[in-house]
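One-letter residues, chain by chain:
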Amino acid sequence: MTTYQEFIQQNEERDGVRFSWNMWPSSRLEATRLVVPLGCLYTPLKERPDLPPIQYDPVLCTRTACRAILNPLCQVDYRAKLWVCNFCFQRNSFPPQYAAISEQHQPPELIPQFSTIEYSIMRASCSPPIFLFVVDTCMDEDELSSLKESLQMSLSLLPPNALIGLITFGKMVQVHELCCEGCSKSYVFRGTKDLTAKQIQDMLGIGKYQQQQHPQQPMPPGGMRGPSQSVPPANKFLQPVHKCDMSLTDLLGELQRDPWPVPPGKRPLRSTGVVLSVAVGLLECTYPNTGARIMLFVGGPCSQGPGMVVNDDLKQPIRSHHDIEKDNCKYMKKAIKHYEGLALRAAANGHVIDMYSCALDQTGLHEMKYGPNYTGGHMVMGDSFSSTLFKQTFQRVFSKDTRGEFKMGFNGILEVKTSRELKISGALGPSISMNIKNGSVSDTEIGVGGTCQWKMCALNPNTTFALFFEVVSQHAAPIPQGGRGCIQFITQYQHLGGQKRVRVTTIARNWADSALNLHQISAGFDQEAAAVLMARMAVFRAEGDDGPDVLRWLDRMLIRLCQKFGEYNKEDSASFRFPENYSLYPQFMFHLRRSQFLQVFNNSPDETSFYRHMLLREDLTQSLIMIQQIGRAHV
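For every chain, the first residue of its written sequence is number 1, and the numbers climb from 1 along that sequence. Since the coordinates come from a predicted model, pLDDT governs what is reported: local features require at least 70, and pairs of side-chain atoms require 80 or more to be given and counted, while whole-chain, interface and lining totals use all residues. With hydrogens and water excluded, all non-hydrogen atoms of the structure serve as input to the side-chain values.

Another point: the sheet that holds strand S17 (residues 422-428). Note on sheets: strands pair through backbone hydrogen bonds, and any given pair is parallel or antiparallel. Paired strands, as defined in this entry, are two strands with at least two bridges between them according to DSSP. Secondary structure counts use DSSP, requiring at least four H or I residues in a row for a helix and at least two E residues in a row for a strand, with both numbered from the N terminus. Spatially, S1-S3-S20-S17 is the arrangement adopted by the 4 strands of the open sheet, whose pairing is antiparallel. Looking at strand neighbours, the two that pair on one side only are strand S1 (17-19) and S17, the edges of this open sheet. Each strand of the sheet is rotated relative to its neighbour by a mean of 25 degrees, with strand direction disregarded. Judged from the 4 bridges that link them, strand S3 (residues 39-42) and strand S20 (residues 465-471) form a sheet pairing that is antiparallel. Directly across from Cys40, in S20, lies its bridge partner Leu467. Axes here refer to lines fitted to C-alpha atoms; in helices the fit is confined to the stretch in contact. Angles between the N-to-C directions go from 0 to 180 degrees.

Tracing the sequence through the fold places Leu45 in the loop between S3 and strand S4 (75-77). According to the relative accessible area criterion, Leu45 is buried, its value standing at 9%. Residues Leu45 and Tyr339, spaced 294 residues apart in sequence, show a C-alpha to C-alpha distance of 28 Å. Contacts between residues were defined by any pair of non-hydrogen atoms, one from each residue, lying within 4.5 Å. Look past the residues within four positions of Leu45 in its chain and what remains in contact with it is Gly409, Leu459, Asn460, Pro461, Tyr493 and Arg503. Only protein chains enter the accessibility calculation, which uses a 1.4 Å probe; a residue is then buried when its area is under 20% of its type maximum, exposed when over 50%, and partly exposed in between.

Moving on, we come to the sheet that holds strand S6 (residues 91-93). Ordered in space as S4-S5-S6, the 3 strands form an open sheet in which the pairing is antiparallel. Only two strands of the sheet have a single partner each, and these edge strands are S4 and S6. With direction set aside, neighbouring strand axes in the sheet form an average angle of 25 degrees.

Centre distance within 6.5 Å is the pairing criterion for rings of Phe, Tyr and Trp, where only the six-membered ring of Trp is used; planes under 30 degrees apart are then read as stacked, over 60 as edge-to-face, and the remainder as tilted. Across all of its chains, the model carries 30 aromatic pairs by this definition. Look at Tyr56 and Tyr98: their rings are 6.4 Å apart centre to centre, the planes differ by 85 degrees, and that puts the pair in the edge-to-face class. In this pair, Tyr56 is assigned in the loop between S3 and S4 and Tyr98 in the loop between S6 and strand S7 (116-125), connecting sequence segments 42 residues apart. A ring pair is formed by Phe525 and Tyr585, whose centres lie 6.0 Å apart and whose planes are at 70 degrees; its orientation type is edge-to-face. Taken together, the positions of Phe525 in the loop between helix H12 (514-523) and helix H13 (527-542) and Tyr585 in helix H15 (residues 585-593) put the pair 60 residues apart, joining distant regions of the chain. Summarising the burial analysis for this pair, Phe525 and Tyr585 share the class buried. Ring pairs connect the aromatic residues Phe131, Phe133, Phe297, Tyr356, Phe385, Phe390, Phe394, Phe398 and Phe410, which therefore count as one cluster. Here the guanidinium or amino end of Lys171 rests over the ring plane of Trp260, the centre of that ring lying 4.1 Å away. Sitting above the plane of the Trp553 ring, Arg541 keeps its charged end 4.2 Å from the centroid. Placement of a positive charge over a ring is assigned whenever Lys NZ or Arg CZ falls within 6 Å of the ring centre and within 35 degrees of the normal to the ring plane.

Here, a salt bridge means any Lys or Arg side-chain nitrogen found within 4 Å of an Asp or Glu carboxyl oxygen. Under the criterion given, the structure shown has 22 salt bridges. Across the pair Asp555 and Arg593 runs a salt bridge, and its minimum N-O distance is 2.9 Å. Of the two residues, Asp555 is situated in helix H14 (residues 547-565) and Arg593 in helix H15; the sequence distance between them amounts to 38 residues. Residues joined in a network through salt bridges with shared partners are Glu12, Arg18, Asp526 and Glu528.

Here we take up the nonpolar core. Remark: nonpolar core denotes a set of buried residues (Ala, Val, Leu, Ile, Met, Phe, Trp, Tyr, Cys) joined through side-chain atoms within 4.5 Å. With 124 residues, the main nonpolar core has Ile167, Leu467, Phe469, Phe489, Tyr585 and Leu598 as its most contacted residues. If one sorts the elements of this core by residue count, H13 sits on top with 11 residues. Discounting chain neighbours no more than four positions away, the residues touching Ile167 are Leu132, Phe133, Val134, Val135, Val173, Gln174, Val175, His176, Val275, Val278, Ala279 and Leu282. With 44 residues, the next largest nonpolar core counts Met295, Cys329, Phe398 and Ala458 among its residues.

The next thing to look at is the pairing of strand S21 (residues 484-495). On a regular strand, each side chain points to the face opposite its neighbour's, so the side chains alternate between the two faces of the sheet. Of all 12 residues in S21, 11 are buried; the element is thus mostly enclosed. Note: strand S16 (residues 409-418) against S21, 8 bridges, orientation antiparallel. Bridged to Glu415 within S21 is Ile490. Across 11 bridges, the pairing between S21 and strand S22 (residues 499-512) is antiparallel. Bridge pairing in S22 places Arg484 opposite Asn510.

Mapping Gln304 onto the fold places it in the loop between strand S13 (292-298) and helix H7 (321-325). Since its relative accessible area comes to 8%, Gln304 is described here as buried. In protein, a polar contact requires one atom able to donate a hydrogen and another able to accept it; more generally it is a pair of N or O atoms within 3.5 Å, and residues adjacent in sequence count only if both atoms are side-chain atoms. At 2.8 Å, the side chain of Gln304 and the backbone oxygen of Lys171 are in polar contact. One polar contact links Gln304 to Ser271, side chain to side chain, over a distance of 2.8 Å. Non-local contacts of Gln304, meaning those with residues more than four positions away in its chain, are made with Gly170, Lys171, Gly191, Thr192, Leu269, Arg270 and Ser271.

Here Lys148 is to be found in helix H3 (residues 141-155). The charged-residue count follows a simple rule in which Lys and Arg add positive charge and Asp and Glu add negative charge, with His and chain termini not counted at all. Buried within the structure, Lys148 lacks any salt-bridge partner; its nearest side chain of opposite charge belongs to Glu141, at an N-O separation of 5.9 Å. Beyond its immediate sequence surroundings of up to four residues, Lys148 is in contact with Leu252, Gly253 and Leu255.

Let's shift gears to the packing of H14 against H15. Axes are the key here: two packed helices are described by the angle between their axes and the distance separating the axes. It is at 11 Å that the axes of H14 and H15 come closest, and there the two elements cross at 170 degrees. As summarised for this structure, H14 and H15 are arranged roughly antiparallel, according to the angle between their axes. Contacts between H14 and H15 involve Leu551, Leu554, Asp555, Leu558 and Leu561 from the former and Tyr585, Pro586, Met589, Leu592 and Arg593 from the latter. Residue composition of the contact of H14 with H15, by class: 8 nonpolar, no polar and 2 charged. Relative orientations are named as follows: roughly parallel for angles under 35 degrees, roughly antiparallel for angles over 145 degrees, roughly perpendicular for angles from 65 to 115 degrees, and oblique for any other angle. For this scheme, ten residues count as nonpolar: Ala, Val, Leu, Ile, Met, Phe, Trp, Tyr, Cys and Pro. Four count as charged, namely Asp, Glu, Lys and Arg, and the remainder, Gly too, count as polar.

Here, a disulfide means two cysteine sulfur atoms that sit within 2.5 Å of each other. For the structure shown, the criterion picks out 0 disulfides. Cysteine Cys66 remains unbridged, with the sulfur of Cys85 as its closest cysteine sulfur at 3.7 Å. With relative accessibility at 8%, the residue Cys66 sits in the buried group. Take Cys452: it sits in no disulfide, and the sulfur closest to it among the cysteines is that of Cys66, at 11 Å.

Remark: H13 packs on H15, axes separated minimally by 9 Å, with the N-to-C direction vectors making an angle of 25 degrees. With respect to each other, H13 and H15 are oriented roughly parallel. Considering the relative orientation of H13 and H15, their crossing is right-handed. When H13 is examined against H15, the residues Gln527, Glu528, Ala530, Ala531, Met534 and Ala535 are found in contact with a partner set consisting of Tyr585, Phe588, Met589 and Leu592. When the near helix sits turned anticlockwise from the far one by under a right angle, the crossing is termed left-handed; a clockwise turn instead gives a right-handed crossing.

Right, here's the structure in full:
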């Protein structure tokens, strides 16, 4: 008999899943009485070197409203070559290529140890990944020189077939051509003018490549998209690395500081809002719905044009938390609207926005955070581009796994299917909703809800999503004991090698009546997963609510949990006892309410945005370390 702790550990290693409750309550009322919501942390690209390479398409349930994928929990009739879907109970015939299967000769997707399995879809062609460097030139010579060295080094780390582009900006924005020999050529945009996508395309002369932009097409439930739409040939601004690495290395080496003079007592004029708009416009018309990264390197705040967060007068400091609280931020709301609009446009096309911010003062990450938050991009905050922190972090972006493959996926879609006793309340993580509703979507939203599919433009082996569920059954008609509830996670993404992959994780847990078997439900509590889920909910609430309200909500939830599962004598505080698998939870809540995620004192708005961004994307272990930092030495 394995203990619950071993069971939880095995499930995390095999499937990348940690549930707050590993025995599920059999009615909605019982679920709300458990205080901590029924939810899980799911890491779609959890590293599994033992997974077999499956070079064929998954087998789907034939019921149009279901389209779940064949998995080890399905009932199989090997004689009749039929399988019964464990979500809708539809009887399905196996395709002809499964004619030789038997109990002794099972395909990998029916073997219990492969409850998580990954398919490589060979018929779906994907274009190579795109990396667009967007470089701020309004910085000191030493800083710019260090950044140029890092960028030149990164060219050797990129896949040779990857497409690459370069945009630089200061007071003006320059989009560099990479195919011209002998002399550098660039297109210059004014940093004060807000340009539409159409204007950008016309000015760059790439409007003729523009394809008919249909609204984001929903993925057929559980279905696979056909071959990706045709994309234009690499244009003059985006070239394969192996063709232009020499000329790009030279171009980076020749980059100079922004030539516009900066009067004493003034900030450099920096056009971050316009340059992001140009980068998004360039990619969305040339390579829509294709894996691409806009890598923004910024050394100060945007001080002119759309997206401006502070003016150029150094007497005017950039906004603080106190200013935000007093609504004394002249530029903030307008800037947020600009950057959020760009982030939504990029996310709709599967494009990632990374932000590498290195400066001693704030650079406007608070306003620009929507780019990394919606697209799953990296957010790196440091003091200097010459620091080892930045250089090593930047190198890790291009790190490889044990198979020699890059640890990054692009243009992903996460779909969740549930058995009929459950509904999906929502998700928290670096993604946007695809607004696809079906019968398994709950009206009660937690996080980003109202959908069963989320778009994730970038994924790596640590990217983790919090998903929340609702038990449907009413208290008067609970789910019969002995049954199991099922959840299937389907993640489609573009692998850096060029092919499309589909990773499928199917899990099940037992139902229990808390009136009769509360001790069983209690024993299945995972305090670490619960702490991280509650932390994500608190951070999500903190973005819209006042800080004290969020702290009071956390305190109330902890008190209710202690009342429900603690043992104590009234009026005797020394008598309180918590079960062993709950003992660390109050400690986590103690550290969380005092952490930089919820307390803004002594932190700038940029720092708060950075910390919250990291908590909403990292896996369970990293999140717990951030909540309760481990003291490694005492001086």
